[in-house]
2 protein chains.
Amino acid sequence: MRHVMVQIPKQAGQPPIESEEAQGPRPVPTSADVARLAGVSRATVSYVLNNTSSVRISEPTRHRVRAAAEELGYVPHAAARSLRAGHSRMVLMPASHVPVGPLFSHFLNELHWALRRLDYTVVQYGSVGMGGDEAARAWAELRPVAVFVPGMLAPGQVEVLKRAGAKAVVTLGPERVAGAHALLMDHREVGRCAGAHLVERGRRRIGVVVPAETGLQVFSEPRLQGVREAAAAAGAEVVPLPLAYTEESAAELAGRWRALGLDGVFAYNDEYAMLLMRALQDAGVEVPGETAVIGADDLLLGRLVRPRLSTVHLKMPSGQVLAELLDRVVRAPGAGPEVHDLLAASMVVRESS
Amino acid sequence: MRHVMVQIPKQAGQPPIESEEAQGPRPVPTSADVARLAGVSRATVSYVLNNTSSVRISEPTRHRVRAAAEELGYVPHAAARSLRAGHSRMVLMPASHVPVGPLFSHFLNELHWALRRLDYTVVQYGSVGMGGDEAARAWAELRPVAVFVPGMLAPGQVEVLKRAGAKAVVTLGPERVAGAHALLMDHREVGRCAGAHLVERGRRRIGVVVPAETGLQVFSEPRLQGVREAAAAAGAEVVPLPLAYTEESAAELAGRWRALGLDGVFAYNDEYAMLLMRALQDAGVEVPGETAVIGADDLLLGRLVRPRLSTVHLKMPSGQVLAELLDRVVRAPGAGPEVHDLLAASMVVRESS
DNA sequence: TTGAAAGCGTTACCAT
DNA sequence: ATGGTAACGCTTTCAA
């Protein structure tokens, strides 16, 4: 069948014969082309291809139209369609290529499925290297019906999006933004959880790993803050520990461990924790005897090391829930902003603490 | 400033006064609104806002137009714009939410940056739960100038995209697709690399972990095939080993290890390798003495376990390179399909093999 | 320097 | 049952 499509333009001779084999980019077929080929009007084509029920088209005509569309390889033009319709069902999400964990990946996957079932189209828009306002404008140009932003947003940016017709703007982050619906994920809770556990075990000088990698501060800063809060309540000290995700950096940190005099450390997440724990062991620091180590994210790999890694388990919201929130808000844009507190953190105590 | 925006429509009296505070969704401002407010024509608005150099607009006018746009919160309508222009600079990429590793993440990030610098817009389109043809149609509706597909594509799908105006269709996968440019990443090479290493070390009955998780077959199948090829050349046996990414599954497999009589195993990647290696050790199987274990991806974590994990290091293509390929093809669509062989795999021998 | 008007691909309404 | 036509928001000649 494709052979036909390829050969038609050459043999049809419809376009003035161009430089023989200059397969000059054939124009993209439009519904008008389909109409012409089928010998009907553009309106009829639209009716047939969209199965419009309010109008009756004879079966032979339907067939002719379908055949013509097939033959030309006609595909409707989404931009023209939504321009005409005055709205789209696009849910826009900035594509953040920060190293997201499997938890978040799974959440996104769920979200995609749930939204698709509600007949929305999810589009991730790359906005690397744009300032916040610039990015918001770029998103607004696409006229999405809803925007889902993992991360923060300035109130002005929310306003830009709403002015552009976005019925729902939902953020997923540490605090709510004026005008937007919010899924709160306060990472301080993660730090609090870890900190509380450590002080409860009698640790009094607690290190907190702060990844040197950029883009992680969004999470690391609140987590550090959470540990601070938990420690303050018990009169314990907190020491931030910058650490890059390399063996060298970990070895360097472990090398001056005794000088730091720490008896516990919250290592940002399981990966940094495993890295640091290995370096500590190699430097002769006993875990958990001399120093307790805990991570976060509850990775499977953390269970495989010895001692088994204690960790903070995070429960991500279900994509289902977010999809329903989006849909509800899109359908009833009048209602006030909803705020959901969604981060549930709990200690998983294993052997390293 | 926003206060002004809110009040304008009420005072203009253009819409019939609705129920007082029913902040009924104000219509999205168009360039016509801007023109009206600034007291100029739509053409002038377009000239000013796009900095059209071929026409001179007086400074006071420019200022009035800009102020009006600002006041209304005007943002151009991307669909209308590209509809009129007849083309877009959208590079479409299906959003695959298969658990991709940090390698691929990094590659995507590079790609985004490089394309942005070339003034393209990257859009990831979620096509979960669509058949291949259905997905291709959905992509074609967006009229992207280029499509980048990590994974396979049927030749018919390529044709649909090209008919819809896509100047470049590039796949990243194990084999080339008719009509499309190809970045070849033949994962058999990974398996070959691992297999060759194992037989060279004298292993004769080699297990190959095949993840039970769906969505990974695209990689696991060719990797298995590669090991088979390497083993066949040396007269060694190959045994596929289904394994889910859970401790239970690993323990179960390790429990019947002796019965399997394997002296080497390629565990798909480092994560599965670490999982299996721990289970083997817990079951009393000595690594590498009794069984050699190797992974792939060269994760940092693999260096932290004991024995240190031998692994296959993969070198992903640079996003830069792909971006340049895309741009080149978009600008000169006539040229024949380019095929680049991009997967470089090499053994990193550590202690587990 | 500015404005009027055509046209991009689609669909909804109103005539036939 | 089918076709003509207008309109969606924008850019770009062409005229004034």
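By the naming in an unreviewed UniProt entry, chain A goes by LacI family DNA-binding transcriptional regulator and is assigned to Streptomyces polyasparticus.

Now for the sheet that holds strand E10 (residues 310-315) of chain B. All names here are of chain B. Sheet architecture is open: six strands sit in the order E7-E6-E8-E9-E10-E12, paired in mixed fashion. The open sheet terminates on both sides in strands that have one partner only, identified here as strand E7 (237-243) and strand E12 (344-348). Averaged over all pairs of adjacent strands, the angle between their axes in this sheet comes to 20°, without regard to strand direction. For strand E8 (residues 264-266) and strand E9 (residues 292-296), the ladder comprises three bridges, and the chain directions are parallel. By the bridge assignment for E9, glycine 264 is matched with alanine 292. Across the sheet, helix H9 (residues 188-200) lies against strand E6 (205-211), E8, E9, E10 and E12, angled at about 30° from E12, the strand it touches most.

Moving on, we come to the UniProt feature "domain: HTH lacI-type" (unreviewed entry) in chain A. Following the UniProt record, the feature "domain: HTH lacI-type" (unreviewed entry) maps to residues 29-85 of chain A here. Secondary structure over residues 29-85 of chain A splits into 67% helix and 0% strand, and the C-alpha atoms at its two ends are 21 Å apart.

Okay, the packing of helix H6 (residues 102-117) of chain B against helix H14 (residues 319-331) of chain B next. Residues and elements named next belong to chain B. Between H6 and H14, whose axes approach to 7 Å, the crossing angle comes to 40°. In terms of axis orientation, H6 runs oblique to H14. For the pair H6 and H14, the crossing hand works out as right-handed. Of the residues in H14, those in contact with Phe107, Glu110, Leu111, Ala114, Leu115 and Arg117 of H6 are Gly319, Gln320, Leu322, Ala323 and Leu326. Along the lines of polarity and charge, the residues of the contact of H6 with H14 split into seven nonpolar, two polar and two charged.

Before going further, it helps to spend a moment on the sheet that holds strand E10 (residues 310-315) of chain A. All names here are of chain A. A sheet is described by the order of its strands in space; here six strands give the open sequence E7-E6-E8-E9-E10-E12, paired in mixed fashion. Here the strands that pair on one side only, and so sit at the sheet edges, are strand E7 (237-243) and strand E12 (344-348). Taken over all neighbouring pairs, the strand axes of this sheet differ in orientation by 20° on average, direction set aside. Here three bridges tie strand E9 (residues 292-296) to E10, and the two strands are oriented parallel to one another. Note that in E10 the partner of isoleucine 294 across the bridge is serine 310.

Turning to the interface of chain A and chain B, a few remarks are in order. Often, the extent of an interface is quoted as the loss of accessible area on bringing the components together. If you look at the interface, chain A gives 59 residues, while chain B gives 61 residues. Summing both partners gives a buried area of about 5,700 Å² for chain A against chain B, and 59% of it is carried by carbon and sulfur. At the boundary of chain A with chain B, the tally comes to six salt bridges. The partner of A:Glu159 in a salt bridge is B:Arg26, with the nearest N and O atoms 3.8 Å apart. Inspection of the region where chain A meets chain B yields 19 residue pairs in polar contact (both at pLDDT 80 or more). Only helix H1 (2-12), helix H5 (78-85), helix H6 (102-117), strand E2 (121-126), helix H7 (132-141), helix H8 (155-163) and helix H13 (270-282) of chain A provide two or more residues apiece to the side of chain A that touches chain B. Among the elements that make up the side of chain A that touches chain B, the one with the highest residue count is E2(A) (six residues).

The rules we used
Residues numbered from 1 in each chain as written. Chains lettered and ligands numbered in written order. Predicted model: local features only at pLDDT ≥ 70, side-chain atom pairs only at ≥ 80, totals over all residues. Heavy atoms only, no water. Pairing = 2+ DSSP bridges. Helix = DSSP H or I, 4+ residues; strand = E, 2+ residues; numbered from the N terminus. Axes fitted to C-alpha atoms, helices over the stretch in contact; angles between N-to-C directions. Contact = heavy atoms within 4.5 Å. UniProt positions renumbered as here; feature names shortened; annotations may be inferred. Parallel < 35°, antiparallel > 145°, perpendicular 65-115°, else oblique. Left-handed = near helix turned anticlockwise from the far one by under 90°. Nonpolar A, V, L, I, M, F, W, Y, C, P; charged D, E, K, R; others polar. Buried area = accessible area lost by both parts, 1.4 Å probe. Salt bridge = Lys/Arg side-chain N within 4 Å of Asp/Glu carboxyl O. Polar contact = N/O pair within 3.5 Å; in protein donor to acceptor, adjacent residues only side chain to side chain.

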